[in-house]
Structure formats: C-alpha cells, structure tokens
Amino acid sequence: MSTAALTDLFDVESELAPHERETRDTVRAFVDVEIRPHIARWFADAYFPREIVPAMAGLGLLGMHLEGYGCAGRSAVEYGLAMQEIEAGDSGLRTFVSVQGSLAMTAIAKNGSEEQRQRWLPGMAAGEIIGCFGLTEPTAGSDPGTMATTAVLTGGEWVLNGAKRWIGLASIADVAVIWAKALSDDGTPQVRGFLVPTATPGFTATPIEPKLSMRASIQCDIELTDVRLPEDAILPHNPGLRGPFACLNEARYGIVWGALGAARDSLEAALAYSAERLQFGKPLAAYQLTQEKLANMALAVAQAQLVALRLGRLKDEGRLDRHMISAGKLNSCRVAIEVARQARTILGGNGITLDHSPLRHANNLESVRTYEGTDEVHTLVLGQHLTGIAAFR
Amino acid sequence: MRIVVTVKYVPDIASDRGFQDCRVVRTPAEGTINELDENAIEAALQLVEAAGEGEVVAVSVAGPDGAVALRKAFQMGAHRGVLVSDDALAGSDYFGTAAALAATVERLNADAPVDLVITGMAALDGLGSVVPTLLAAHLGWPALNLAKKVALADGAVTITREADDVTEELSARLPLVLSVADTANKPRLPNFKLIMAARTKEYETWSAADLALKPDAVGQAGARTETLSAAPRPPRDEVELVTDKGEGGKALAAFLIRNDLV
Ligand SMILES: Cc1cc2nc3c(=O)[nH]c(=O)nc-3n(C[C@H](O)[C@H](O)[C@H](O)COP(=O)(O)OP(=O)(O)OC[C@H]3O[C@@H](n4cnc5c(N)ncnc54)[C@H](O)[C@@H]3O)c2cc1C
Ligand SMILES: Cc1cc2nc3c(=O)[nH]c(=O)nc-3n(C[C@H](O)[C@H](O)[C@H](O)COP(=O)(O)OP(=O)(O)OC[C@H]3O[C@@H](n4cnc5c(N)ncnc54)[C@H](O)[C@@H]3O)c2cc1C
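Residues numbered from 1 in each chain as written. Chains lettered and ligands numbered in written order. Predicted model: local features only at pLDDT ≥ 70, side-chain atom pairs only at ≥ 80, totals over all residues.

Is there a simple way to think about the overall build of chain B in this case?
Helix and strand content of chain B: 7 helices and 14 strands. The C-alpha extent of chain B, read off along each of the three principal axes, is 70 × 45 × 40 Å. Relative to its 262 residues, chain B shows a buried fraction of 42%. (Helix = DSSP H or I, 4+ residues; strand = E, 2+ residues; numbered from the N terminus. Buried ≥ 20, exposed ≤ 12 C-beta atoms within 10 Å, placed from the backbone.)

Just checking my understanding: could you explain the overall build of chain A for this structure?
Within chain A, the secondary structure is distributed over 12 helices and 9 strands. Expected size for 393 residues packed as a compact globule is a radius of gyration near 21 Å; at 21 Å, chain A falls within 12% of this value. Principal-axis analysis of the C-alpha atoms places the extent of chain A at approximately 80 × 45 × 40 Å. The burial tally for chain A puts 50% of its 393 residues in the buried class. Counted over contacts in chain A with a minimum sequence separation of 6, partners at least 24 positions apart contribute 76%. (Rg over C-alpha atoms; globule rule 2.2 N^0.38 Å. Contact = placed C-beta atoms within 7 Å.)

Help me understand the site of ligand 1 in this model?
All names here are of chain A. By nearness alone, 19 residues border ligand 1, and L135, G141, S142, T374 and E376 come closest of all. Among the elements of the structure, strand 1 (131-134), strand 3 (157-168) and helix 12 (375-387) are those that each provide at least two residues to the shell around ligand 1. Within the shell around ligand 1, the residues separate by chemical class into 9 nonpolar, 9 polar and 1 charged. If you count residues domain by domain, the shell around ligand 1 takes at least three from each of domain 2 (131-233) and domain 3 (242-387). (Near = placed C-beta within 6 Å. Nonpolar A, V, L, I, M, F, W, Y, C, P; charged D, E, K, R; others polar. Domains from an automatic or database assignment.)

Which parts of the structure should I look at to understand the confidence of the model for chain B?
Residues shown with low pLDDT carry predicted positions that ought not to be read at fine detail. On average, residues of chain B score 90 in pLDDT, and 98% of them are at 70 or above. This prediction of the complex comes with two scores: 0.89 for pTM and 0.79 for ipTM. (pLDDT = per-residue confidence, 0-100.)

Please explain the interface of chain B and chain A as it appears in this structure.
How big an interface is tends to be stated in terms of accessible area lost as the parts join. On the chain A side, the residues contacting the 8 residues of chain B number 13 residues. In the side of chain B that touches chain A, the residues fall into 5 nonpolar, 1 polar and 2 charged.

What exactly am I supposed to notice about the environment of B:T97 here?
All names here are of chain B. Its location among the elements puts T97 in helix 3 (residues 94-111). Accessibility expressed as a C-beta count within 10 Å gives 26 for T97, which makes it buried. In this structure, T97 is in contact with V61, S92 and V131, ignoring residues within four places of it in sequence.

Can you help me understand the nonpolar core in this one?
Grouped burial of nonpolar side chains is what soluble globular proteins tend to show. Within the largest apolar cluster, 191 residues are counted, with the highest numbers of intra-cluster contacts made by A:F194, A:V196, A:A336, B:V5 and B:A44. In terms of residue count, helix 8 (residues 242-276) of chain A provides more of this core than any other element does, 16 residues in total. (Core = buried A, V, L, I, M, F, W, Y, C linked by C-beta atoms within 7 Å.)

Looking at this model, I keep getting lost on the sheet that holds strand 9 (residues 143-147) of chain B. Mind explaining?
In any sheet, the strands associate via hydrogen bonds between backbone groups, in a parallel or an antiparallel arrangement. Residue and element names in this part refer to chain B. As summarised here, the arrangement of the 7 strands in space is 9-13-8-1-6-7-14, forming an open sheet in which the pairing is parallel. A strand with exactly one partner marks an edge of an open sheet, and here the two such strands are strand 9 and strand 14 (204-206). Strand after strand, the sheet turns through a mean of 25 degrees between neighbouring axes, direction not considered. Along the sheet face, helix 1 (residues 35-51) touches strand 1 (2-6), strand 6 (55-61), strand 8 (116-119) and strand 13 (176-180) and points at about 175 degrees away from the line of strand 1. (Pairing = 2+ DSSP bridges. Axes fitted to C-alpha atoms, helices over the stretch in contact; angles between N-to-C directions.)

What's the story with the domain arrangement of chain A in this structure? I'm lost.
Residues and elements named next belong to chain A. If you check the domain split of chain A, you get domain 1 (3-125), domain 2 (131-233) and domain 3 (242-387). Distance between the C-alpha centres of domain 2 and domain 3: 31 Å. Classifying every residue of the side of domain 2 that touches domain 3 by side-chain character gives 7 nonpolar, 3 polar and no charged.

I'm lost on the sheet that holds strand 10 (residues 149-153) of chain B in this one. Help?
All names here are of chain B. Across the sheet, 3 strands lie side by side as 10-11-12; this open sheet has antiparallel pairing. Each edge of the sheet is formed by a strand with only one pairing partner; in this case those strands are strand 10 and strand 12 (166-173). If you compare each strand with its neighbour and ignore which way they point, the axes differ by 20 degrees on average. Pairing between strand 11 (residues 156-163) and strand 12: 8 bridges, direction antiparallel. Of the residues in strand 12, the one forming a bridge with E162 is T167.

Which parts of the structure should I look at to understand helix 5 (residues 76-89) of chain A?
Owing to its 3.6 residues per turn, the α-helix brings residues three or four apart onto one side. With 14 residues, helix 5 of chain A should cover 20 Å at 1.5 Å per step; its first-to-last C-alpha distance of 20 Å lies within 8% of that length. Here helix 5 of chain A lies mainly inside the structure; 14 of its 14 residues are buried. (Expected span 1.5 Å × (residues − 1).)

What am I meant to see in the site of ligand 2 here?
Lining the immediate environment of ligand 2, one finds 13 residues, of which A:Q279, A:Y287, A:L289, A:G348 and A:G349 sit closest. Residue assignment for the shell around ligand 2 shows that the elements contributing at least two residues are helix 9 (288-316) and helix 10 (322-346) of chain A.

What's the story with the environment of A:I325 in this structure? I'm lost.
Residues and elements named next belong to chain A. Among the structural elements, I325 can be located in helix 10. Look at I325 and you get buried, because 25 C-beta atoms sit within 10 Å. Between the C-alpha atoms of I325 and A17, which are 308 residues apart in sequence, the distance is 23 Å. The contact partners of I325, leaving out residues within four places of it in the chain, are N249, R252, Y253 and L320.

Sorry, what's going on with the environment of B:G91 here?
All names here are of chain B. Within the fold, G91 resides in the loop between strand 7 (80-84) and helix 3. Between the alpha carbons of G91 and A221 there is a distance of 8.2 Å; along the sequence they are 130 residues apart. Excluding its chain neighbours within four sequence positions, the residues that come into contact with G91 are G219, Q220 and A223.

In this structure, what is going on with the pairing of strand 7 of chain B? I would like to understand it.
Side chains on a regular strand alternate between the two faces of the sheet. All names here are of chain B. Among the 5 residues in strand 7, 4 count as buried, and that is most of the element. Relative to strand 14, strand 7 is paired through 3 bridges, and the arrangement is parallel. Residue pairing in the sheet places L83 in a bridge with T205 of strand 14.

Explanation requested: the packing of helix 2 (residues 18-35) of chain A against helix 5 of chain A in the structure shown.
Describing two packed helices takes the angle between their axes plus the distance from one axis to the other. Residues and elements named next belong to chain A. The geometry of helix 2 relative to helix 5 is characterised by a closest axis approach of 9 Å and an angle of 20 degrees between their N-to-C directions. Accordingly, the angle class assigned to the pair helix 2 and helix 5 is roughly parallel. Seen along the crossing, helix 2 lies across helix 5 with a hand that is right-handed. Here E20, T23, R24, V27, R28, V31 and I35 of helix 2 lie close against helix 5, whose contacting residues are V77, E78, L81, A82, E85, I86, A88 and G89. Looking at the contact of helix 2 with helix 5 residue by residue, the classes come out as 8 nonpolar, 2 polar and 5 charged. (Parallel < 35°, antiparallel > 145°, perpendicular 65-115°, else oblique. Left-handed = near helix turned anticlockwise from the far one by under 90°.)

Right, here's the structure in full:
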C-alpha cells in the first residue's frame, strides 16, 4: 500500500468519482515532476518559479472553477483536490494559483463587465497575463473597511492614491485589481474595484523581503500616486466590501483543502523517516511515543479531509454558507500547522533543514493561517454565527 | 495530417501480474494504457499541432477494457478512438495483432488518407517491439523504428535513432509506420477540460467481421507461436549484504564473477 493509501484512514478515496481522482492524480503527477525536485532550492533562494506557470495553465489550474473565457469550469471538489495537491508541493505555489484564479480572475468574473471579462480572463487562464489583488493596506488588515486608498473621478478619469501591503505577485503582475474608496451616487465613500495595468504611471510594487514564510512566492508593497485610469477601469458590479469578500470566499474555500495538502505531505515525510531512522536500536516507528504522534496526525488529517469534502459537495450544491467556510478554513489551518510541527519533531535535527518538507510547510502555514482572514477573525465569525453577537469591535 | 496511434491496454506495471491458460489476466480496475504508447500519442499530437490541422485516431485491439486505453488517449487530446474487439481476436500473437491493426488502418485509410501510423517502442506486457514492423509489412509502407527525434518536412519523416554508440538519421516518405522511443518526448499530462470531455467521448467498436479479417489470420487460430507456459518468476533471492571492512571490492568482484556478470 502506498503511504497515501495508508493515511487515508476513512477511505475518502472511494467517495471520489473517477474523473475527480484523475484530476487529483494529474495535479499530483505535475507536482512530483515540476515542483518537488526544485522546491527546496526555490524556497532557499526566495525564488518564484515563473517558468512553471505555462504548464500550470496548460493543465487548466488558473481560474479552474470559472466557466467560459478559456477557463476549465471544474467543480468545487475538483478545484479543492487540485489545491490540496499543489500545496502538498508548497503553499507558496498554491498561493500563486489562489491569487491568480480565486482572487484576481474571480474579481473580474464576478464584478467585471462582459467587456472586461473578454479582455482579461482568457489571457489570465492561459497564464500569459498575471494578475494580483490589492485589498490589504499598511493600516488596514483584518479590518479592510478602514482602507485609506481613494479613487476620484475627475475629467472623465479615475485618479487613485494610496498604498497596499502584502499584495501577492504585484511586482510581476500585468494587471492589479485594486480596491479603493470612491464616492457613491449619494456622496458616501464606498469600496470599489479597479483594473490597473501595472505599467500605469504612478503604480510601483516593491517585494517585501526578507520573509521567513512563503519564500517561493512574492508579496509586495504597492504605492499608488496619482494613478490615472480611464472611466471604464472600474468594476461595475457589487459595490461595497461584498465585491472583494466574494473573491476571498473562493480563496478561503481553496485553503480548506490546500492546507491539508501541506499537512499530508508532512505526515508522509515523518512516517517514511520514522521507518528508516534507527535510535536506541530500533526504528523510531517502533516506539509508542512516535506511534502516538503518527496516529494523532493521521487522524487529524483524515478528519479534516472529510470536512473539506463535505464543504466541497455543499459548495457544488450551492449550499455553502459563510460560517462554514470560516469553520473549514480555521479547522484546516489549525490541523495543518500542528501536524507540520509535530512531523518536524520526528525528523529530529534533520527536520530543521530544507532536505525535509515539514518545517518549510509549517513556516508557510504561518501565512496561510493569517491571510484570507486570520484564525482569530474566523473564530469571531463562528462566534457571531453561534451567539448572534458580533464581537469584532 | 491524419495520424493513427496504436494504444495497448496492459496490466498496470505496479500491480501483481497474473496468468491464466498462459495468457495475462487483465483485471479491469488494474489495467492501464501501455505507458510507452503515451510517447506515440504525444508525438502525434505534436505533429498535428505543428501542421495546424489534422486528426489523431487512437486504435486499440483489446477486450472491452481497451476502452481504458482509448480514454487515456482522449484525455491527452486524441480526436477519435476505435476499439477493435472480438472474441475471434482473443489469443492473437504479434502476427494476428498486426493483421487486425493493418485492417483497421486500411479501413480508416479508405475513408480519408492516413499519413502516418505511430506506435510506442514496445508494449510493457509483451516487450516484443515487432508489431510496428509487421504492421508496416502488412500495409506495404516503410517502417522507421525507435525514433528519438522526429521531423516532418515535404512529405517525408526524418528520424534520429540511437543504437549503442551509433546515432543514425533515417528518412522515408509518407505514408509510413513510425515507432517512437520513450526518450522522444515527455508525454503531456491530461488537462482538466479533456479529462471531463473524455468521460463521455464516444469511441467506435469494430469487430473482426467489420474489418473482413480472415478467421485463420487472427486469434488463437492465426497464432504462429504457442505459449507453452507462463508463470511469474519467483521473487528474487535474498540480497547479500557485505559490510565493507576493506574487502568490499573483492566481495563485489566475486559476486559478479559467480553470477556471470563479467
Ligand atoms: C503571504 C501573505 C500573502 C498575502 N497576500 C495578500 C494579497 O494577495 N492581497 C491582499 O490584499 N492581502 C494579502 N495578504 C494580507 C493578509 O490578508 C493580511 O495579512 C491579513 O488580513 C491580516 O492582516 P494584518 O497582517 O494587517 O494583521 P492585523 O489585522 O493587524 O492582525 C494582527 C493580529 O491581530 C488579530 N486581530 C485583528 N483584529 C482582531 C480582533 N477584532 N480581535 C482579536 N484579534 C484581532 C489578528 O487575528 C492577528 O492575529 C497577504 C498576507 C500574507 C502574509
Ligand atoms: C541547531 C542544532 C544544533 C546542534 N548542535 C549540536 C552540537 O553542537 N553538538 C552535538 O553533538 N550535537 C548537536 N546537535 C544535535 C542534537 O543534539 C540532536 O539533533 C539531538 O540529540 C536529536 O538527535 P537527532 O537529531 O539525531 O534526532 P533522533 O535522535 O533521530 O530523534 C528523532 C525523533 O525521534 C524521537 N525519539 C528518539 N528516540 C526515541 C524513543 N526511544 N522513543 C520515542 N521517541 C524517540 C526524538 O525525540 C525525535 O523526536 C544540534 C542539533 C541542532 C538542530
């Protein structure tokens, strides 16, 4: 039996349709060939491998869950399975897929005009156009409603001013979806999305370095100084925070699965190592303490996978509620970071090197539990769901 | 550009191989496309893509499970699939299989000219590597075998092949039969859209009668060889562990000599 089959404690495999398994196996094969052999070096060098983007696009990974415009139009479960496999490779590369597909492309698909979709989505699905998604600001993270970036319509042009922080891919992106406050018809400021070609004068993106997490992907500070855009650069639909939030929900759903890929990979690394490593005359796997660790990890991962699959099936039926996404994201991130850290202990001193994946995953998961709503924020969403009382402020 | 690719349904090399009545037991869930045929599909797709138009027809001579191999070909991008399946074909040897494939190509060729037949370098269950040449002989077409590089220009295919320490360049005019080595290309992974499309994509099933195959040319009746026995080899002997205390080299040399490996 393969270790993958061994750790599937509840035979979740048999819940998957053949084409779902084929989708998963395809991405797994891609990760084995294109990511695993190189990821330690990319992580060490803080290098985002742009060269594998065309192959990712070729599989249909970019905007995989969107219909039309060159996108693969796959189900939520298939999308989740793909995210799980990519993140078993590295969270940084799954983050790229999320930013491109779930954030930037989804923003255009959900909030954009037909013209905007035609103009941008096919190139983004093909990986020829890289997108980014600028919501967070230096002083507005968990509370994006306090954003300070503004968009003012003067003389038939939008003029954007402000700053964004932590924006994935911004320095290599061709187009940025920038969320800014513009005056609505009744004169109140309202969050709106804008499509900003990154070559526009006044737009600068500077990578944030050095990072201890997500080293194989890029995040940037963005400055927007009198960035002038044509009037039709605004995303016409869903004004207000529900514009960006609809995209975040897509990305969060992907993380429910993705984080478990990192967890599974950590568990498999520890399991394999424990069988080979001899101390006190026996393999580590033969000690009760080690077996308890392995059993707890396998149980946690398998349970969380059942949750992910359940959420995926609900999403495909259009029955996934906001609090469910929060519960799933919180659960997967918690489980994953705990499993990655526990797996590292089994690897002993060797586990702190890049020869093994668990500590790399654990470091990446610090970001995963922070972006798309921190653990605390999702806890508060669940708290509000249960009590009816919002305790954010 | 119209290319026929032959794809074989074989037991998964990762699974245990079983034999019954001297034939390989083909368990439905365990079987898969002959991996080496993926190189043939890839080569065909590349040629059609370079030409900007054309069709790749995957053909499998197999039991009903051959559909698995065709589906894999669809997932990679083959346009059409033909399963040649008939009880009369059971027990075919290389000659019978080649006769059935040749009749299939001829029938396809009668509809619209076939430019090229591409095969893998061998089938992982039989390892004969002779079907491409037999097929070419049936068709009266040239055979270019074990291509490492394939180039098509002005109605001729030029291949590079490597044998021991010799590199050869060979060329022949279309139509022809070409077998590609596993080093010829890197078969593409199926993309998600094609995986979905392949779920419901129809293939045609042709019988021995559809192909007007003579009963004595195929199947057990047409087999020119007889398999007397087939059984899995016993598992390998225990490995011999030598702890190197300065004599490791000698132990290794002794082992090689003892086993006629030098
Ligand atoms: C690798 C990475 C990639 C990212 N990519 C993007 C991107 O592409 N686009 C984008 O727009 N943003 C991106 N982000 C930003 C991310 O969304 C924010 O980091 C996240 O929203 C948290 O905001 P913050 O970092 O400002 O932390 P803060 O909001 O300052 O939070 C700090 C801490 O306080 C806690 N906290 C906040 N409010 C409360 C409360 N009411 N009660 C209790 N605790 C609270 C938080 O949970 C957290 O623990 C990325 C971040 C990272 C690390
Ligand atoms: C940064 C760093 C600096 C170091 N510096 C030094 C140094 O200066 N000098 C030096 O000599 N060494 C040094 N070490 C080595 C360090 O002491 C060892 O890493 C440590 O003793 C653990 O050994 P190991 O890494 O071989 O892990 P292992 O002994 O292989 O242990 C792996 C895992 O198995 C567990 N385990 C082992 N036996 C059992 C058992 N019987 N039952 C249950 N679980 C078990 C361990 O707790 C651990 O979780 C350093 C290590 C690091 C990471």
